Amino acid sequence: MKLFKTRKTYYLYNPATLSYERVYPSAKDRFFTILRHLSTGVAFGVVTFFVMFYLIDSPKETLLIKENKLLQTQYEILSLRLNDALAVLTDIQQRDENLYRAIFQAESIPESIRKSGFGGTNRYEHLTSLPNSELIVATTQKMDILRKQLYIQSNSLEELINIGKTQEERLMCIPAIQPISNKDLTRTASGYGMRIDPIYRTRRFHSGMDFSAKTGTDIYATGNGVVTFSGWRQGYGNCLIIDHGFGYQTLYGHMQKFKARVGQKVKRGEIIGYVGNTGKSTGPHLHYEVIVRGRHDNPSKYYFMDLTPEEYDRMIQIAENHGQVMD
């Protein structure tokens, strides 16, 4: 017998009948045939799935990729704009510090406060797990820095506005004239700075300016204020201190006697006492100091209402004569 196959139909030759008889597969053969086809289909489907999954993006994934690229571009643009905003803010801060505060003689804001960072734990740790975390963290940090510096700058401008509102009163309180009406500046004995002490003969810092004058010469308040001290002070002899507000104080030493008393309000040009020779002094003169926010400053910087430019230059030249130190 000979088995003959045609189009997956099996025939078996029967010598007895001299004809081909169709052979029908058994149930087992049909099962394995179906199983083989299913296995082949499943394997093909699995291979196709993984190829599609790893090599071809789904419409949803394509949309997400597009959105992520758009977000990254927006973060990059935001980062560049924040750089520009920080540069503009830095320029405003420099003007505020070097121009506006200088005009109003306001206290400087330290750079450590203007540019201070953020302390404590890592406030951006929750962003490190995001895609493009470095860009996101850097941009968020710039935003925080900008917000903090804007807050400080806003407070600074608010302070300057308040100073501007009281500028007229402030100008009346600033010590802006000479304490002695003496146009003969040859009597300006010693200026501000390092000098040879006339008693100890050593080099010491002279925290004020000396005006030599006759005993009993009138001493004037150099700005509006309130007398906070009037009495004897070591080294200064009879000493009077005026608080002018706005961070300004003036001290008048070696006086003969006082005309103003503690608690009295005085105005610029009002007589507060008289030149003397009390305390550590080598001759009748007035020792005059200007104290700004607790620190001594050069009194010659504040004579802008009393002297012409020529007189001011002459006074400075005479005050730099180290040989005429009075105390």
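Residues numbered from 1 in each chain as written. Predicted model: local features only at pLDDT ≥ 70, side-chain atom pairs only at ≥ 80, totals over all residues. Heavy atoms only, no water.

Caption draft 1: Representation of the pattern of salt bridges within the structure. For the structure on display, the rule yields eight salt bridges. With a closest N to O distance of 2.9 Å, Asp 144 and Arg 147 form a salt bridge. Of this pair, Asp 144 and Arg 147 are both found in helix α4 (residues 133–165), three residues apart, which corresponds to roughly one turn of the helix. The buried category is assigned to Asp 144, whose relative accessible area is 8%. Residue Asp 297 pairs with Lys 301 through a salt bridge whose shortest N-O separation is 3.1 Å. Several salt bridges converge on common partners, so that one network encompasses Asp 96, Glu 97, Arg 101, Arg 114 and Glu 159. (Salt bridge = Lys/Arg side-chain N within 4 Å of Asp/Glu carboxyl O. Helix = DSSP H or I, 4+ residues; strand = E, 2+ residues; numbered from the N terminus. Buried < 20%, exposed > 50% of the residue type's maximum accessible area, 1.4 Å probe, protein only.)

Caption draft 2: Structural context of the sheet that holds strand β14 (residues 271–275). Spatial strand order, β8-β14-β12: three strands in an open sheet with antiparallel pairing. The strands lining the two open edges of the sheet, one partner per strand, are β8 (218–220) and β12 (255–258). For this sheet, the mean inter-axis angle between neighbouring strands, taken without regard to orientation, is 35°. Where β12 and β14 come together, three bridges link them in antiparallel fashion. (Pairing = 2+ DSSP bridges. Axes fitted to C-alpha atoms, helices over the stretch in contact; angles between N-to-C directions.)

Caption draft 3: Focus on the pairing of β14. Within β14, four of the five residues are buried, which leaves the element mostly enclosed by the surrounding structure. Two elements, β8 and β14, share three bridges in a ladder whose sense is antiparallel. The partner of Asp 218 across the bridge, within β14, is Tyr 274.

Caption draft 4: Broad picture of unusual backbone geometry. The backbone phi angle of Phe 246 is positive, close to 55°, even though this residue is not glycine. Position of Phe 246 among the secondary structure elements: in the loop between β10 (237–245) and β11 (248–253). In this structure Phe 246 comes out as partly exposed when scored by relative accessible area, which is 32%. Phi is positive for His 254, close to 65°, though the residue is something other than glycine.

Caption draft 5: Summary view of a nonpolar patch on the surface. A contiguous nonpolar patch, built from Val 42, Val 46, Phe 49, Phe 50 and Tyr 54 and spanning about 540 Å² of accessible area, is present on the exposed surface. By the element assignment, Val 42 lies in helix α1 (residues 27–55). Take Val 42: its relative accessible area is 52%, and that puts it in the exposed class. (Patch = residues over 30% accessible without salt bridge, like charges linked within 9 Å, V, L, I, M, F, W, Y side chains within 5 Å. Areas by Shrake-Rupley, 256 points an atom, 1.4 Å probe, with all protein chains shown as cover.)

Caption draft 6: The nonpolar core, seen in detail. In this structure, Leu 240, Ile 242, Tyr 252, Ile 272 and Leu 286 are the most contacted members of the largest nonpolar core, which totals 23 residues. Elements represented by at least two residues in this core include exactly β7 (209–212), β10, β11, β14 and β15 (285–292). When residues in this core are grouped by element, the largest group, four residues, is from β15. What Leu 240 contacts, discounting residues up to four positions off in sequence, is Val 227, Phe 229, Ser 230, Thr 250, Leu 251, Tyr 252, Met 255, Phe 258, Ala 260 and Ile 272. (Core = buried A, V, L, I, M, F, W, Y, C linked by side-chain atoms within 4.5 Å. Contact = heavy atoms within 4.5 Å.)

Caption draft 7: Broad picture of the environment of Arg 295. When you line up the elements, Arg 295 lands in strand β16 (residues 295–297). It is 9.5 Å that separates the C-alpha atoms of Arg 295 and Tyr 248, two residues lying 47 residues apart in sequence.

Caption draft 8: Local environment of the side chain of Asp 210. By the element assignment, Asp 210 lies in strand β7. The exposure class of Asp 210 is buried, given its relative accessible area of 0%.

Caption draft 9: Spotlight on the side chain of Gln 153. Looking at the secondary structure, you find Gln 153 in helix α4. Aside from chain neighbours lying at most four places away, what touches Gln 153 is Leu 89, Ile 92, Gln 93, Asp 96 and Arg 114.

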